[in-house]
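Residue-level structure breakdown
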Amino acid sequence: MVTMTNSAAVLADPTAYAAAVEQASVAAAAYYATGESALDDDAYDRLARGIAAYEAEHPGEVLAASPTGKVAGGAVVGDVPHTVPMLSLDNVFSAEQFATWAASLERRVGRPVTAWSVEPKLDGLAVAARYRDGRFERLITRGDGTAGEDVSHAAGAVVGLPERLAEPVTIEVRGEILMTNEQFDQGNAIRTEHGGAPFANPRNGAAGTLRAKDRAYRVETTFFAYGALPLPDSGELGETLAELPHSEVLAYVAGLGVHTAAGTDVAPVLAATVEEVQARVDAIGSLRASLPFGIDGIVIKADLAADQREAGSGTRAPRWAIAYKLPAVEKITRLLAVEWNVGRTGIIAPRAVLEPVVIDGSTVGYATLHNPADITRRDLRLGDQVMVYKAGDIIPRIEAPVVHLRTGDETPIDFPESCPQCGSDIDTSEQRWRCTRGRNCRLVASVSYAAGRDQLDIEGLGATRVVQLVDAGLVADFADLFTLEREQLLALDRMGETSTDNLLAAIETARTRPLSRVFCALGVRGTGRSMSRRIARYFATMDRIVAADVETLQRVDGIGKEKAAAVVAELVELAPLIGKLVAAGVSMTEPGATPPPEPGTEAAADADPEVGGEAGAGAGGDGGAGSTLPLAGMTVVVTGAMSGALEKLSRNQMNELIERAGGKSSSSVSKRTSLLVAGDKAGSKRAKAEGLGVRITVPEEFAELVGAFLATGEED
Ligand code: IVH
């Protein structure tokens, strides 16, 4: 359930109150003008709540400059009058507050509200777009709600606002202009190329872009309509619009060719009860992190025109709509340092060390920085105040430095001149830097990875043992494990007879592991457990994998052109290691998998490449045809704790089971998910699946569905 702490700044006396009003007014003015506020949204909201609390207790002391009760916090901009005021929205922060608000609205209207429109609260800027006889005429910002600024010059670069409507109507469409994540990245890249400072976040980017004139470059934004109203000479359309339910107004506007949120995962939906509204609120909350644009809440509106009319509006906000705010997912904090970590394959990846900050309920101390070019492109400096984004399970990321908060004490970020792991040279020819020793740089890490539970599963071969083996010069790659001799092991520190014999026995078992695990142990980039299984089941033998060209590899489900090319290139590099493994007698086949037909044969001509692969894999499971498999063609996600017959299965084993039963396993829920197996304590994935209408099953039911495949699993 989405709830948010309703914390407020505590203002002890009139001086603190006056200072808070001043700070909030300055921040609001900057926010609505250029988007360059010194406060993040959360800090501003806390300040505004503190001011409101003080004013409630001291009604005689309210200052004229106070942002409370004003649209846009009183930031007055613009001279184009709005025909009907552009109002703001009141906020709620929890299910309870929403239910209380809904009940008070129903009391006011005098009957139950049975149709609620539940839609995303788009995190951008409110604008009104006027069309006359179907032609675009003017774009106006909200300003102070009664008059806004003419920003028509910017309309050409706003996606979703057509020059001509599908019908020659005179109408004002209202909505939000924002930057999608992609537009933000592109916008910042173009901007910094032209020597400009990056925008701190997409919202600032949209604000700055809308007001900018005479830029030498074009930056796109996107418009989402959330309402429409007639203009003085709209004719009959005025009466029609006044009677239509809000949901039909949105559909009408979309039909005119204006962009709405209808095609997105968080499309407006109608709910009949407060409970249904809450379910959709939760679903939108859990979809937030995966959306390609920012939302900062959910807007809930009484859908029927009569309900809206009877509820009426206050000076600041309508009484028939409410913003259900989601927790802030962006905070400003300081960039303290950049760490350089070397991955298994020798990739040198920067990581930002941040002054710890609580975002969305968890403390964030680190954020990803993709590569050195990313740092340069975004002009990040040590000591910078940076805008950090973290939502749901996603890894925190730095959006950009907040350039207007620079003090001049910031210093450049040093890039390593040699590999921080082994001191070798760095290959800087690609965007992602790499140690020239490649995977050897991380020999210990790559041998440990190969011996890990999801790869060769060699019990007793932890990192400390691997270090010993590498230091003693016994292992230069993981193939060397298979030629270790008893005496060599006995000569190592803390290796008695029993541990030596146990380790040798574990290595012996590893020699017979299926191809999927051996292939996974190679650590080819982009081929984790699940992908390795798909590759092994498709090709059935290592020889065929190695012989596959870019085109053939793409027949494996989930491999696109780029990944296929990368895999082929890495396999060339790995050929000597694979040769050593073969020579050491390591298994190179996938039990039960049927190899694909040779190209050019009759069977190949009949076979659908994708189905061919999956059916081949399935045939390995039960020896039957692919089409009889219970999960054929299905994408299955597992979440929560498994129970019953599935209780002891690890996630990896669950995924193997799904694939044996003909399905495809995935770790994230999307529109393409066919089934979610939700055990106890299933969290956001369940809510997301509910929101998307994905079929959900419990572990016991799932065990029945795939029962025949449970016992045929590979022993772990
Ligand atoms: S309706 C009279 N619907 O949120 C009702 N507003 O915090 C006016 N916003 O000023 C607004 N998404 O800029 C509405 N789906 C949505 C919205 C939305 C974002 C913005 C809008 C409004 C602000 C209030």
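Criteria and cut-off values
- Residues numbered from 1 in each chain as written.
- Predicted model: local features only at pLDDT ≥ 70, side-chain atom pairs only at ≥ 80, totals over all residues.
- Heavy atoms only, no water.
- Near = heavy atom within 4 Å.
- Polar contact = N/O pair within 3.5 Å; in protein donor to acceptor, adjacent residues only side chain to side chain.
- Areas by Shrake-Rupley, 256 points an atom, 1.4 Å probe, with all protein chains shown as cover.
- Helix = DSSP H or I, 4+ residues; strand = E, 2+ residues; numbered from the N terminus.
- Nonpolar A, V, L, I, M, F, W, Y, C, P; charged D, E, K, R; others polar.
- UniProt positions renumbered as here; feature names shortened; annotations may be inferred.
- Contact = heavy atoms within 4.5 Å.
- Buried < 20%, exposed > 50% of the residue type's maximum accessible area, 1.4 Å probe, protein only.
- Pairing = 2+ DSSP bridges.
- Axes fitted to C-alpha atoms, helices over the stretch in contact; angles between N-to-C directions.
- Parallel < 35°, antiparallel > 145°, perpendicular 65-115°, else oblique.
- Left-handed = near helix turned anticlockwise from the far one by under 90°.
- Salt bridge = Lys/Arg side-chain N within 4 Å of Asp/Glu carboxyl O.
- Disulfide = S-S within 2.5 Å.

It is worth spelling out the site of the ligand at this point. Lining the immediate surroundings of the ligand are 14 residues, of which Lys121, Leu122, Arg142, Glu176 and Lys301 lie closest. Note that a nitrogen atom of the ligand is positioned 3.1 Å from one of the backbone N or O atoms of proline 120. Burial of the ligand by the protein chains amounts to 88% of its free accessible area of 520 Å². When residues of the shell around the ligand are traced back to their parent elements, those giving at least two are strand S3 (116-122) and strand S11 (295-302). Here the shell around the ligand gets 4 residues from one element, more than from any other, and that element is S3. Looking at side-chain class alone, the shell around the ligand contains 8 nonpolar, 1 polar and 5 charged residues.

When the UniProt feature table is mapped onto this chain, "active site" (unreviewed entry) is found at Lys121. Relative to the helices and strands, lysine 121 is located in strand S3. Once residues lying within four places of it in the same chain are set aside, the contact partners of lysine 121 are Gly294, Ile295, Asp296, Gly297, Ile298, Val299, Ala323 and Lys325.

So, on to the environment of valine 258. Residue position: valine 258 is located in the loop between helix H7 (246-255) and strand S10 (269-271). Taking the relative accessible area as the measure of exposure, valine 258 reaches 3% and is therefore buried. Along the backbone, valine 258 and threonine 221 are 37 residues apart, and their C-alpha atoms lie at a distance of 14 Å.

Taken in spatial order, the 5 strands of this open sheet run S5-S4-S8-S9-S7, and their pairing is mixed. The sheet is open, and its two borders are formed by strand S5 (135-141) and strand S7 (158-159), each paired with just one other strand. As paired strands, S7 and strand S9 (residues 221-230) are joined by 2 bridges and run parallel to one another. Looking at S9, one finds that valine 158 is bridged to threonine 221. Docked against the sheet, helix H5 (residues 202-211) engages strand S4 (125-132), S5, strand S8 (171-178) and S9, running at close to 45° with respect to S4. Contacts from H7 reach S8 and S9, with the element oriented near 125° to S9.

With that settled, consider the UniProt feature "binding site: Zn(2+)" (unreviewed entry) in the chain. The UniProt record annotates "binding site: Zn(2+)" (unreviewed entry) at Cys419, Cys422 and Cys441. These annotated residues cover 23 residues of sequence, but their C-alpha atoms sit close together, with the largest distance between any two at 8.7 Å. Given the relative accessible area of 2%, cysteine 419 is considered buried. For cysteine 422, the position within the fold is in the loop between strand S19 (411-412) and strand S20 (426-427). On the basis of relative accessibility, which here comes to 29%, the residue cysteine 422 falls in the partly exposed class. When near neighbours in sequence (up to four residues on either side) are disregarded, cysteine 422 contacts Cys435, Arg437 and Cys441.

It is worth spelling out the packing of helix H11 (residues 443-451) against helix H12 (residues 463-471) at this point. Packing of H11 against H12 leaves a shortest axis separation of 9 Å and a crossing angle of 125°. The angle between H11 and H12 places the two elements in the oblique class. For the pair H11 and H12, the sense of crossing is right-handed. Here Leu443, Val444, Val447 and Ser448 of H11 lie close against H12, whose contacting residues are Ala463, Val466, Val467 and Val470. Considered class by class, the residues forming the contact of H11 with H12 number 7 nonpolar, 1 polar and no charged.

Looking now at the sheet that holds S3. Taken together, 5 strands build an open sheet; the order of strands is S2-S12-S11-S3-S10 and the sheet is mixed. One side of each edge strand has no neighbouring strand; the edge strands of this open sheet are strand S2 (91-92) and S10. As judged from the 7 bridges shared by S3 and S11, these two strands associate in the antiparallel manner. Bridge pairing in S11 places glutamate 119 opposite valine 299. Here helix H8 (residues 274-287) sits on the sheet in contact with S3, S10, S11 and strand S12 (321-325), set at roughly 25° to S3.

Oppositely charged side chains may form a pair once their charged atoms are brought near each other. Using the criterion set out here, one finds 36 salt bridges in the structure. Ionic pairing is found between aspartate 90 and arginine 316, a salt bridge with its closest N-O pair at 3.2 Å. Note that aspartate 90 is positioned in the loop between strand S1 (80-81) and S2 and arginine 316 in the loop between helix H9 (305-311) and S12, a separation of 226 residues in sequence. For aspartate 90, a relative accessible area of 37% puts it in the partly exposed group. Since its relative accessible area comes to 21%, arginine 316 is described here as partly exposed.

Now for unusual backbone geometry. Of note in this structure, aspartate 133 is not a glycine but carries a positive phi near 50°. The backbone of arginine 494 shows a phi angle near 55°, a positive value even though the residue is not glycine. Along the chain, arginine 494 falls in the loop between helix H13 (486-490) and helix H14 (497-510).

A few words now on the state of the cysteines. Working definition of a disulfide: a covalent bond connecting the sulfur atoms of two cysteines. Counted according to the given criterion, the structure contains 0 disulfides. Cysteine 441 provides the cysteine sulfur closest to cysteine 419, a residue in no disulfide bond, and the two sulfurs are 3.6 Å apart.

This brings us to the packing of helix H16 (residues 529-539) against helix H22 (residues 651-660). Helix-helix packing: each pair is described by the crossing angle between the helix axes and the interaxial distance. H22 packs onto H16 with a crossing angle of 30° between their chain directions and a minimal axis gap of 10 Å. The angle between H16 and H22 places the two elements in the roughly parallel class. H16 and H22 meet at a crossing whose hand is right-handed. In this structure, H16 uses Arg529, Ser530, Arg533 and Arg537 to contact H22, whose residues at the interface are Asn652, Asn655, Glu656, Glu659 and Arg660. In the contact of H16 with H22, the residues fall into no nonpolar, 3 polar and 6 charged.

Attention shifts here to H5. Within H5, 9 of the 10 residues are buried, which leaves it mostly tucked inside the rest of the structure. When we look at burial in H5, the residues that qualify are Pro202, Arg203, Asn204, Gly205, Ala206, Ala207, Gly208, Thr209 and Leu210.

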